[in-house]
Amino acid sequence: MSESTADDTAHGIGDTAAGGTGDPSGSREDPADRTAKGAAGDAATQVFAGYRELLFSVVYNMLGSVADTEDVLQDTWLAWAGRGTAGPARVIENPRAYLVRIAVNTALSRQAAISRRRETYVGPWLPEPLVVRNDVDEAAERTEAVSMALLVVLETLTPLERAVFVLHEVFGYAHTEIAEILERSPAAVRQLAHRAREHVHARRPRYQADPKVQREATERFLQAALGGDLDALMDILAPDVTLWTDGGGKSKGTAALRPIQGADRVARTITRTTSQRLKGLDICYRTVNGDPSAVLFDKNAPFAVMVLDLDPDSFHVRGVYAVTNPDKLTHIEEDD
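Below: a short report on this structure. Everything numeric here is computed off the predicted structure, so don't read it as measured data.

**Some words on the nonpolar core**
Line of reasoning, step 1. If you look at the biggest cluster of nonpolar residues, it comprises 49 residues, and the most contacted ones within it are M62, W80, V100, V104, L154 and L167.
Line of reasoning, step 2. Looking at this core, the elements that each hand over two or more residues are α2 (31-63), α3 (66-81), α4 (95-119), α5 (148-154), α6 (159-170), α7 (175-182) and α8 (186-203).
Line of reasoning, step 3. Here this core gets 10 residues from one element, more than from any other, and that element is α2.
Line of reasoning, step 4. With residues up to four places along the chain from it excluded, the contact list for L154 reads N61, V146, R162, F165, V166 and V200.
Line of reasoning, step 5. Of all hydrophobic cores here, the second largest spans 27 residues; its members include L237, A263, A294 and F303.

The following block contains the structure:
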């Protein structure tokens with residue numbers, strides 16, 4: 001976690017703690033008690049800040065939304081900071097396990113409401129991209145965030161299957177540890193893990209493209225797309241390529257209402273779109289969910305995030321993920 005993020009996090013949490021643990025009646029408090037409470041609050045803040053990036057990564061991989069993840073982390077902090085409001089603060093021997101358990105179960109409890117909200121979403125829903133600049137250490141902060149392509153597959157799992165998959169396959173938790181977190185039997189967790197793994201691997205074999213190859217493919221793709229070169233696009237795209245465009249109903253003319261499949265249809269859709277809207281945009285290459293990708297800017301404002309998924313055998317593009325919903329791009333800034 002970067003120094004600035006840790007400082008900002010600690011500052012925000014400290015404010016919450018200060019506002020939530022004071023005496024609402026306004027009665028006088030013994031200075032020694034006040035000092036002890038302040039020291040305990042500072043210690044709680046430091047512990048939470050130390051695990052915040054881990055909690056963010058776990059919950060984000062479960063939900064695919066930065067806003068929902070931040071809400072879950074806020075609830076987790078309130079539970080952590082308030083564990084002593086009804087009496088002496090409980091001594092937690094393993095804060096990491098305690099916090100992960102709260103965060104995971106809070107995320108699961110929110111899943112039904114999140115799913116209902118997405119039922120009314122206009123067009124395909126894609127995970128909110130985690131974008132970092134390629135020339136700063138920030139890229140190492142959230143390396144546990146899985147690829148956009150894998151997150152799309154994880155959307156097809158049940159919430160419990162996804163939680164088990166994320167904890168076991170991404171973060172290396174043992175089935176017995178997950179059983180304690182989810183309050184399920186180890187046998188039930190093993191069954192969930194097996195079902196999730198079979199489902200995911202059937203739709204997405206384990207493969208991580210070389211970053212250099214991924215960057216070169218992205219540059220070739222954008223050159224052909226922005227140049228309206230249909231033949232060049234056909235050479236790059238795999239025959240069974242799929243194009244996902246997430247505009248959320250707020251990006252006019254650049255987002256389809258359903259995924260588009262097949263090289264010919266995808267190539268023609270892309271060239272038609274670029275001729276209408278994408279020419280003249282600035283391109284910055286960034287790391288998005290761990291993959292070298294592209295962010296397109298229109299007059300210094302983020303316009304789209306473009307992520308490619310490559311075939312491991314031919315290095316053709318088998319998936320194109322374009323996020324143009326402005327609500328999912330607000331945290332992105334152009335390079336200086």
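**Focus on α7**
Line of reasoning, step 1. When we look at burial in α7, the residues that qualify are I178, A179, I181 and L182. Looking down the long axis of α7, one finds its buried residues gathered within 160° of arc, a one-sided arrangement.
Line of reasoning, step 2. Where the residues of α7 are buried, they touch α4, α6 and α8.
Line of reasoning, step 3. One or two positions beyond α7, positive phi appears at E183, with a value near 55°.

**With respect to the packing of aromatic side chains**
Line of reasoning, step 1. Applying the stated criterion across every chain, the model contains 4 aromatic pairs.
Line of reasoning, step 2. The interplanar angle of 55° and the centroid separation of 5.7 Å between the aromatic rings of W80 and Y98 together place this pair among those described as tilted. A residue pair is termed long-range when its members are at least 10 positions apart, and W80 in helix α3 and Y98 in helix α4 qualify at 18 residues.
Line of reasoning, step 3. The exposure class of W80 is buried, given its relative accessible area of 3%.
Line of reasoning, step 4. Assessed through its relative accessible area of 18%, Y98 is described here as buried.
Line of reasoning, step 5. Taking 4.7 Å as the distance between ring centres and 10° as the angle between the ring planes, the aromatic pair formed by W244 and Y321 counts as stacked. In this pair, W244 sits in strand β2 (residues 237-246) while Y321 sits in strand β7 (residues 317-323), placing the two residues 77 residues apart along the sequence.
Line of reasoning, step 6. Over the ring of W125 we find R118, and its NZ or CZ is 3.6 Å from the ring centre.

**Structural notes on the sheet that holds strand β6 (residues 301-310)**
Line of reasoning, step 1. If you trace the 7 strands from one edge of the open sheet to the other, you get β1-β4-β5-β6-β7-β2-β3, paired in mixed fashion. Unpaired on one side and paired on the other, β1 (131-133) and β3 (260-261) mark the two borders of the sheet.
Line of reasoning, step 2. Packing against the sheet, helix α9 (residues 211-226) makes contact with β2, β4 (282-288), β5 (291-298), β6 and β7, and its axis sits at approximately 35° to β5.

Procedures and definitions
- Residues numbered from 1 in each chain as written.
- Predicted model: local features only at pLDDT ≥ 70, side-chain atom pairs only at ≥ 80, totals over all residues.
- Heavy atoms only, no water.
- Core = buried A, V, L, I, M, F, W, Y, C linked by side-chain atoms within 4.5 Å.
- Buried < 20%, exposed > 50% of the residue type's maximum accessible area, 1.4 Å probe, protein only.
- Helix = DSSP H or I, 4+ residues; strand = E, 2+ residues; numbered from the N terminus.
- Contact = heavy atoms within 4.5 Å.
- Arc of directions from axis to C-beta.
- Phe/Tyr/Trp six-rings, centres within 6.5 Å; stacked < 30°, edge-to-face > 60°.
- Lys NZ or Arg CZ within 6 Å of the ring centre and 35° of its normal.
- Pairing = 2+ DSSP bridges.
- Axes fitted to C-alpha atoms, helices over the stretch in contact; angles between N-to-C directions.

As far as function goes, none of this settles anything; it's purely spatial.
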